[in-house]
Amino acid sequence: TEAWGPDDDRPRKMAGPVRVRVPAKINLHLGVGPLRDDGYHELNTVYHAISLFDEVTARSGDTLSLTMEGEGAGQLALDDSNLVIRAARALAAHGRVPAHARLHLRKQIPLAGGLAGGSADAAATLIACDALWGLGMSRDDLAVVGAGLGSDVPFLLYGGTALGTGHGEAVSPVLARPATWHWIVAVADGGLATPEVYRELDKLREGSWPPAPLGAADELLAALRQRDPEVLGAVLANDLQPAALSLRPALADVIKAGYDAGAVAGIVSGSGPTCVFLATDAGHAESVAAGLRAAGVCRDAQPARGPMPGARIV
Ligand code: ATP
């Protein structure tokens, strides 16, 4: 698919500004295995990139600086803790160049929403700074740098629909005839911290023996090939959903409102609190979104399509 095609079309060096658009991710299947000794949970996930985008613009500069607008402006720190800055520094160290750039983030992906916005911004920054600094790195090499920044960064460099294993950082494309899926993204007020949701899952699983097996994604992958929303909707799965619902019981009302509005299926996205719903076509997605907004159970509900390509210069 386009998302996984060769990216030789990327210019090796650009004078700037370099503008990069990056999608949000949802998980069509999120199987969470036992906690490993290294502190990560073993995952079996199917990532899917949707048409909700952040944008990172890189310009040449004498130091490293970051400004932002949109979702989370005024809340999100723009210092060394920001994944944009961390990505620029990691790439500069890898490429043995000074980390000099003026970076600007235009954010639409909600903070701590279970849509991997921070990882998306890191992926966009890697693509942008690679071009600004003329490093000419392949997407595969950028993914190695990205894996050190966050589990979802490699996927957001590639986009499309992909299987994620390990702790999510090992991605391989799902080779299916391209079909467009229609989603509705229901954004909540306030976020959920991912580590807290994993801790809640561990708590819910405490004392149960044998340990929860790591659910395979086979059914989901087979359903994708059938290109039928009813079939796909029946197998969407998220092991983190009970934990997100336990921490935020009101999310059950959001899921119910989506079904009441006619959605084919609905799940919590990743660690939440964003919920995503499947529709049959673009018109149906508009009507489910309108129903969700009217129900007054979420901050916003918007249609989105998938799969989308990963971080791309625009
Ligand atoms: P995931 O689904 O990957 O667990 P998420 O979508 O729930 O993540 P993010 O918005 O990606 O949550 O990030 C969570 C935290 O990461 C934020 O609360 C913030 O403290 C930190 N962070 C650092 N840089 C960024 C950034 N550029 N955008 C968003 N969050 C960032």
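Residues numbered from 1 in each chain as written. Predicted model: local features only at pLDDT ≥ 70, side-chain atom pairs only at ≥ 80, totals over all residues.

What to know about the UniProt feature "domain: GHMP kinase C-terminal" (unreviewed entry) in the protein
Note the following rule: UniProt positions are given in the numbering used here, feature names are shortened, and annotations may be inferred rather than shown by experiment. Every helix listed is a DSSP run of H or I at least four residues long, and every strand listed is a run of E at least two residues long, numbered separately from the N terminus.
Under the local residue numbering, the UniProt record ascribes the feature "domain: GHMP kinase C-terminal" (unreviewed entry) to residues 220–296. Structurally, residues 220–296 is divided into 58% helix and 14% strand, and its ends, taken at the C-alpha atoms, are 31 Å apart.

Looking at the packing of helix α9 (residues 251–260) against helix α10 (residues 282–295)
Basically, it comes down to this: Lines fitted to C-alpha atoms define the axes here, with helix axes fitted over just the stretch in contact, and angles between the N-to-C directions of these axes take values from 0 to 180 degrees. The scheme is simple: roughly parallel for angles under 35 degrees, roughly antiparallel for over 145, roughly perpendicular for 65 to 115, oblique for anything else. Left-handed describes a crossing whose near helix is turned anticlockwise from the far helix by less than a right angle; the clockwise case is right-handed. C-beta atoms are first placed from the backbone for all residues, and any pair lying within 7 Å is then listed as a contact. When residues are sorted by character, Ala, Val, Leu, Ile, Met, Phe, Trp, Tyr, Cys and Pro go into the nonpolar class, Asp, Glu, Lys and Arg into the charged class, and all the rest, Gly among them, into the polar class.
Here α9 crosses α10 at 135°, and the two axes come no closer than 8 Å. Comparing their axes, α10 and α9 come out oblique. Two packed elements cross with a definite hand, and for α9 against α10 that hand is right-handed. Along the contact surface, α9 presents A257, G258 and D260, while α10 presents V288, G291, L292 and A295. Residue composition of the contact of α9 with α10, by class: four nonpolar, two polar and one charged.

Some remarks on the sheet that holds strand β10 (residues 275–279)
Strand pairing in a sheet is mediated by backbone hydrogen bonds. Such pairs are either parallel or antiparallel. Quick note on the threshold: A pair of strands is labelled paired if DSSP reports no fewer than 2 bridges between them.
A sheet is described by the order of its strands in space; here four strands give the open sequence β9-β10-β7-β11, paired in antiparallel fashion. The open sheet has two edge strands with one neighbour each: β9 (265–268) and β11 (300–306). The mean angle between the axes of side-by-side strands here comes to 25°, regardless of whether they run parallel or antiparallel. Where α9 meets the sheet, it contacts β7 (181–187), β9 and β10, and its direction lies at approximately 10° from that of β10.

Focus: the site of the ligand
Keep this limit in mind: Residues are counted as near a molecule or strand when the C-beta atom, derived from backbone positions, lies within 6 Å of that molecule or strand. Residue ranges for the domains originate in an automatic or database domain assignment.
Surrounding the ligand, one finds 19 residues, the nearest of these being L83, A116, G117, G118 and T194. Breaking the shell around the ligand down by element, the ones donating at least two residues are α1 (83–95) and α2 (117–132). Top element by residues in the shell around the ligand is α2. It accounts for four residues. Across the shell around the ligand, the residue classes break down as seven nonpolar, 10 polar and two charged. Two domains each put at least three residues into the shell around the ligand: domain 1 (2–175) and domain 2 (181–306).

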